[in-house]
Amino acid sequence: MWFLCVFYHRLLDFRKPEVEALAELFGEDESLQWRLPEHHHNDTPFHFVQLSSEEIAQNIAKRSILVKGMYELWGEGTCYEELKESIQSFPDSRKLPFLTSDSTFRISVETFGKALTFDEQKERIHSLTYIPFEGKVNLKNPDHNFFLMEMDESEESNGLPPIVQRRIFFGREVGFADRKLLPTFQLKSRTYLGPTAMDAEMAFLMANQANAASGKLVYDPFVGTGSILVSAARFGAMTMGADIDIRVVRDGRGPDCNVWSNFKQYGLPAPVALLRMDNNVPPWRSGLKEIFDAIICDPPYGVRAGGRKSGGRKILRGTVDPYTVPEDKRTGHIPSTGAYSLVECVHDLLHLAARMLVMKGRLVFFFPVLRDECGSEVKFPEHPCFKLVAVSEQILSSRYSRVLLTMVKVGPYSDEVEEAARLMHLEFRENHLKWLEEGNIHSSVFKPSTDSSQIRTESKTFKDPKPKYRGKYV
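Thresholds, definitions, all that
- Residues numbered from 1 in each chain as written.
- Predicted model: local features only at pLDDT ≥ 70, side-chain atom pairs only at ≥ 80, totals over all residues.
- Heavy atoms only, no water.
- Helix = DSSP H or I, 4+ residues; strand = E, 2+ residues; numbered from the N terminus.
- Buried < 20%, exposed > 50% of the residue type's maximum accessible area, 1.4 Å probe, protein only.
- Contact = heavy atoms within 4.5 Å.
- Areas by Shrake-Rupley, 256 points an atom, 1.4 Å probe, with all protein chains shown as cover.
- Pairing = 2+ DSSP bridges.
- Core = buried A, V, L, I, M, F, W, Y, C linked by side-chain atoms within 4.5 Å.
- Domains from an automatic or database assignment.
- Axes fitted to C-alpha atoms, helices over the stretch in contact; angles between N-to-C directions.
- Salt bridge = Lys/Arg side-chain N within 4 Å of Asp/Glu carboxyl O.
- Parallel < 35°, antiparallel > 145°, perpendicular 65-115°, else oblique.
- Nonpolar A, V, L, I, M, F, W, Y, C, P; charged D, E, K, R; others polar.
- Left-handed = near helix turned anticlockwise from the far one by under 90°.

1. Let's talk about the overall build of the chain
- Across its full length, the chain holds 16 helices and 19 strands.
- By the burial criterion, 49% of the 474 residues in the chain qualify as buried.
- Across the chain, every contact between residues at least 6 apart in sequence was considered, and the portion connecting residues at least 24 apart equals 75%.
- With the model as given, the accessible surface of the chain reaches about 23900 Å², and the carbon-plus-sulfur share is 50%.

Here it is as structure tokens:
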């Protein structure tokens, strides 16, 4: 069955991957296909999607963050005369069950790229008198919602390339988005926040990409203030997290302002566990594997916060030997840490996921891209156990963007696989050594746009300020 999928006009690169991930979650087979309306381009909010049932379309629309609604299309055209012919040719067997006298209905008019006055909307609704509605109008709680959607051919349609001709759609609403979700979980009302807290919209998108659902265990190895796990828990998943900073996972800012309070704020189940753990030296037992259904994280790649690993500078340089903290000093001890480059971080993350994810489990994480360093072609991390199924880019500046990678585990973990992964990692590290290993991501993102080292005014000369590093949870 073909449905008209109408998207919100934001995060354009994330829209189709989210729908495809949710279609798999709700049991869609390989029949999912996309096609564009006539004369439209890929960035249009209107797409046709083929799904096996109306129930799946309804579930996707209800769960999705970027889908505005799913519609059974009754007709389309470039003008209202074509629309009338198209609606009249739509089979009566599919129209009449929703036009009966014992049902109520409402017709809404929506536009993209222009605005209509109330009188113009009434005029368009009254032009649909040829549809044999027998029921009563109910504007508050109708049995059936119908939408008349129009996209203008104007060249000023929200920054998109102009379409050749306008397109008008009329259809029955099958499913619609939960518009209260994002306002409820917005960060400005969150109890416990840090500078690296993931935006609520992006956190829910990541949870959808990971197919978070009831009965699944989701793990975040860089949990921070728990923003990603909150979204996964909202969708019914059990959650578990870890962070190298024990002050974050244990203390927060007090008994009523910590990671646990974020879950309590929304009435969500608390995480199964929050661990103080170094992803570079994981404490998992040697025989423990395949316990997580999904791993979702935003690794510390050195823009807002740099990565840290256990050991401290002197231990990592070999100046001093590793030591054991005395028993009487362990309660308040804060372990020393050293720099943790992104190339190490990504390798450890893939190794963790290959070992700890169940088959067909999903790994969802952000990866930074510096256009000045990478050029037009970007080589993403690879692993023999995983298949890359979705790449969604969020452009943050002219020289920096981050890419959400979604990988599915397709092969079991073994010693042979680990060796193959090591060789792939060496190749990846060689290609990205300059900006992944040397730790200059922050300086590359925030470097001055001009070569001048000083900014002159009429009366004073100021040195160009050096970007200051903010601690992880300042």
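2. As for the pairing of strand β16 (residues 386–395)
- As paired strands, β16 and strand β17 (residues 400–409) are joined by 9 bridges and run antiparallel to one another. Note on β17: the bridge partner recorded for S392 is L404.
- Taking the residues that link successive antiparallel strands as the turn, the β16-β17 hairpin has 4 residues.

3. Let's talk about the sheet that holds strand β6 (residues 136–137)
- The mixed open sheet is built from 8 strands, whose spatial order is β2-β3-β1-β4-β8-β7-β5-β6. On the outer flanks of this sheet lie β2 (33–35) and β6, each paired with one strand and no other.
- Direction of pairing for strand β5 (residues 104–112) relative to strand β7 (residues 144–151): parallel, over a ladder of 8 bridges. Paired with F105 across the two strands is H144, which belongs to β7.

4. Thoughts on the nonpolar core
- One finds M206, Y219, F292, I295, L363 and F367 to be the most contacted residues of the largest nonpolar core, which totals 79 residues.
- Sorting elements by how many residues they give to this core places helix α12 (residues 342–356) first, with 10 residues.
- Split by domain, this core shows at least three residues from each of two domains, domain 1 (2–178) and domain 2 (183–444).
- With near-sequence residues (within four places) excluded, L363 lies in contact with I295, L349, L350, A353, L357, F386, L405, T406 and M407.
- One finds I87, I107, V109 and I131 within the second-largest nonpolar core, a separate group that totals 18 residues.

5. Some words on the sheet that holds strand β11 (residues 273–276)
- Overall, mixed pairing links the 7 strands, which are arranged β11-β10-β9-β12-β15-β17-β16 in an open sheet. The strands lining the two open edges of the sheet, one partner per strand, are β11 and β16. When strand polarity is set aside, the average angle formed by the axes of neighbouring strands in this sheet is 15°.
- Judged from the 2 bridges that link them, strand β9 (residues 217–220) and strand β12 (residues 292–297) form a sheet pairing that is parallel. Residue pairing for β12: Y219 is matched across the bridge by I295.
- Contacting β12, β15 (357–370), β16 and β17, helix α7 (residues 200–209) crosses the sheet at an angle of about 140° to β15.

6. Looking at the pattern of salt bridges
- Evaluated as defined, the whole model comprises 18 salt bridges.
- As a salt-bridge pair, E76 and R167 come within 3.2 Å of each other at their nearest N and O atoms. Here E76 is found in strand β4 (residues 67–77), whereas its partner R167 is found in strand β8 (residues 167–176), with 91 residues between them in sequence. Considered together, E76 and R167 belong to a single accessibility category, that of buried residues.
- Through salt bridges with shared partners, a single ionic network connects E54, E72, R94 and R172.

7. Description of the packing of helix α1 (residues 15–25) against α7
- As a packed pair, α1 and α7 sit with axes 8 Å apart at the nearest point and diverge in direction by 45°. As summarised for this structure, α1 and α7 are arranged oblique, according to the angle between their axes. Residue-level inspection shows P17, E18, A21 and L22 of α1 in contact with α7, the latter providing L205, N208 and Q209.
- Classifying every residue of the contact of α1 with α7 by side-chain character gives 4 nonpolar, 2 polar and 1 charged.

8. Section: unusual backbone geometry
- With phi around 60°, N211 is a residue other than glycine that occupies positive phi space.
- Checked against the element boundaries, N211 lands in the loop between α7 and β9.
- You can call N211 buried: its relative accessible area is 5%.
- If you check the backbone angles, K360 has positive phi at about 70° while not being a glycine.
- With respect to the helices and strands, K360 occurs in strand β15.

9. With respect to the packing of α7 against helix α8 (residues 227–234)
- Their axes nearest at 8 Å, the elements α7 and α8 cross at an angle of 60°. Between α7 and α8, the angle is such that the two are oblique. Helix-helix and strand crossings are classified by hand; for α7 and α8 the assignment is right-handed. Counted together, A200, A203, F204, M206 and A207 of α7 and S227, I228, S231, A232 and R234 of α8 form the full contact between these two elements.

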